[in-house]
Amino acid sequence: MDKLFDSHAHSFDSKFNDLEGGADALLSSAEFQELVGGVVNVGTTYESSLLCIEQAKKYGFMYAAVGIHP
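Small disclaimer: the values here were computed from a predicted structure and weren't measured.

Asks: How should I be thinking about a nonpolar patch on the surface in this particular structure?
Replies: A cluster of nonpolar side chains, Y46, L50, I53, V66 and I68, forms an exposed patch at the surface whose accessible area comes to about 510 Å². Under the relative-accessibility criterion, I68 is labelled exposed at 67%.

Here is the structure:
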């Protein structure tokens, strides 16, 4: 089976706090990594862009796109 590539994510978002273990639990799960081959994690502020970079360092399948909006 081909893996999915998520071209636009915000894996640092506080919405992930509602999940048990947060975004880290989801991103490190075997189920997620079996289905998803890559993620572009998009920062929207200076702070969230730094979080994107940290997550990309942690997960080999993740790429950080840094930016400030608007």
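Still more to cover.
Asks: How should the nonpolar core be read in this particular structure?
Replies: Ranked by size, the top nonpolar core spans ten residues in total: A9, A23, L27, F32, V36, V39, A56, Y59, F61 and M62. Of all the secondary structure elements, the ones that give two or more residues to this core are α1 (22–28) and β2 (36–42). A56 has contacts with M62, Y63 and A64, leaving out every residue within four places of it along the chain.

Asks: Quick question: what am I supposed to make of the packing of aromatic side chains here?
Replies: For any two aromatic rings, the description comes down to two numbers: the centre-to-centre distance and the angle of the planes. Under the definition given, this model contains three aromatic pairs. Between F32 and F61, the aromatic rings sit 5.9 Å apart at their centres with planes inclined by 50°, giving tilted as the arrangement. Highlighted residues: F32 in helix α2 (residues 30–35) and F61 in the loop between α3 (46–58) and β3 (62–65), separated in sequence by 29 residues. In this structure F61 comes out as buried when scored by relative accessible area, which is 12%. Aromatic rings pair up to connect F32, Y59 and F61 into one cluster.

Asks: Would you mind going over the sheet that holds strand β1 (residues 4–9) with me for this structure?
Replies: Note: strands within a sheet are paired through backbone hydrogen bonds, in either parallel or antiparallel orientation. On the basis of which strands lie adjacent, the open sheet formed by three strands has the order β1-β2-β3 and parallel pairing. The open sheet has two edge strands, β1 and β3, and neither has a second partner. The average angle at which neighbouring strand axes cross in this sheet is 15°, direction not considered. Alignment of β2 against β3, held across four bridges, turns out to be parallel. For V39, the partnering residue across the bridge sits in β3 and is M62. The sheet contacts of α3 involve β2 and β3, and relative to β3 the element is tilted by about 160°.

Scoring rules and cut-offs
Along each chain, the written sequence defines residue order, and numbers are assigned to residues from 1. With the structure being a predicted model, the display of local features is reserved for residues of pLDDT at least 70 and the display and counting of side-chain atom pairs for 80 or more, all residues being used for whole-chain, interface and lining totals. Side-chain metrics rest on all non-hydrogen atoms present in the structure, leaving aside hydrogens and water. Exposure above 30% relative accessible area and no salt bridge define the residues that can form patches, which grow by joining like charges within 9 Å and nonpolar side chains of Val, Leu, Ile, Met, Phe, Trp and Tyr within 5 Å. Here the open area of atoms and residues is found with the Shrake-Rupley method and a 1.4 Å probe, where only the protein chains shown may cover a residue. The working definition used for a salt bridge is a side-chain nitrogen of Lys or Arg within 4 Å of a carboxyl oxygen of Asp or Glu. The buried label goes to any residue with under 20% of its type's maximum accessible area, the exposed label to any with over 50%, and the partly exposed label to all in between, with areas taken from a 1.4 Å probe on protein chains only. To qualify as a nonpolar core, a set must consist of buried Ala, Val, Leu, Ile, Met, Phe, Trp, Tyr and Cys residues joined through side-chain atoms within 4.5 Å. Helix numbering and strand numbering both begin at the N terminus, where a helix is a DSSP run of H or I of at least 4 residues and a strand a DSSP run of E of at least 2. Contact between two residues is taken to exist if any of their heavy atoms lie within 4.5 Å; hydrogens are not considered. Only Phe, Tyr and Trp rings are paired, with Trp represented by its six-membered ring, and only when their centres lie within 6.5 Å; those with planes under 30 degrees apart are stacked, over 60 edge-to-face, the remainder tilted. Each pair of strands is called paired provided DSSP finds at least two bridges between the two strands. Structural elements are reduced to axes, namely lines fitted to C-alpha atoms, with helices fitted over the stretch in contact, and the angle between N-to-C directions of any two is expressed from 0 to 180 degrees.

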